[in-house]
Amino acid sequence: MSRYPAATLTGLGLALSLAASAFFFWAWYDRYLSRDFNELGRFYDAECQCVYTTAGMVWVLPAGAFLLLAVGLLALVVRRTRARKPSAPRAS
């Protein structure tokens, strides 16, 4: 076990938020960016006979939120790491 349990939890939170962000970015790409919508904002898939609308844009919101959370946690990790480093003695 780590000497710093908060660091372990922060690292786990960072990994989970990056995984969630990647999943939601993939969903956004699959549901919105990969479609060729017409001027009415609809896409008809003849293979599965489904109509997709531009409502797939909403998937970018949780993707961005989890990405911001990951960046915040990464900044926290870097700040804690720098605070724990012993400073080098200054030459006078």
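This one's a predicted model, so the numbers in the text were calculated from it and none came from an experiment.

With that out of the way, let us pick up the overall build of the protein. Counting secondary structure elements, the protein contains 2 helices and 2 strands. Counted from the first residue to the last, the protein has its helices and strands arranged as α-β-β-α. Scaling as 2.2 N^0.38, a compact globule of 92 residues should have a C-alpha radius of gyration of about 12 Å, whereas the protein reaches 21 Å, well beyond that. Along the three orthogonal principal directions, the C-alpha set of the protein runs to about 75 × 35 × 15 Å. For the protein, buried positions account for 17% of its 92 residues. As displayed, the protein has an accessible area near 7300 Å², and 64% of this comes from carbon and sulfur atoms. Measuring between centres, the 10 positive side-chain charges of the protein sit 36 Å from its 5 negative side-chain charges.

Okay, the packing of helix H1 (residues 5-33) against helix H2 (residues 60-84) next. Closest axis-to-axis distance for the H1/H2 pair is 8 Å, and the angle between their directions is 155 degrees. Taken as axis vectors, H1 and H2 run roughly antiparallel relative to one another. Crossing of H1 against H2: the hand is left-handed. For the contact of H1 with H2, a count of residues per class yields 19 nonpolar, 5 polar and 2 charged.

Attention now moves to the pairing of strand E1 (residues 42-45). In the case of a regular strand, side chains alternate between the two sheet surfaces. As defined by bridge partners, E1 adjoins strand E2 (residues 50-53) across 4 bridges and the pair is classed as antiparallel. Looking across to E2, one finds that Arg 42 is bridged to Thr 53. The antiparallel hairpin formed by E1 and E2 contains 4 residues in its connecting segment, where Gln 49 sits at a positive phi of about 55 degrees.

Parameters at a glance
Residues numbered from 1 in each chain as written. Predicted model: local features only at pLDDT ≥ 70, side-chain atom pairs only at ≥ 80, totals over all residues. Heavy atoms only, no water. Helix = DSSP H or I, 4+ residues; strand = E, 2+ residues; numbered from the N terminus. Rg over C-alpha atoms; globule rule 2.2 N^0.38 Å. Buried < 20%, exposed > 50% of the residue type's maximum accessible area, 1.4 Å probe, protein only. Areas by Shrake-Rupley, 256 points an atom, 1.4 Å probe, with all protein chains shown as cover. Lys, Arg positive; Asp, Glu negative; His and termini not counted. Charge placed at Lys NZ, Arg CZ, Asp CG, Glu CD. Axes fitted to C-alpha atoms, helices over the stretch in contact; angles between N-to-C directions. Parallel < 35°, antiparallel > 145°, perpendicular 65-115°, else oblique. Left-handed = near helix turned anticlockwise from the far one by under 90°. Nonpolar A, V, L, I, M, F, W, Y, C, P; charged D, E, K, R; others polar. Pairing = 2+ DSSP bridges.

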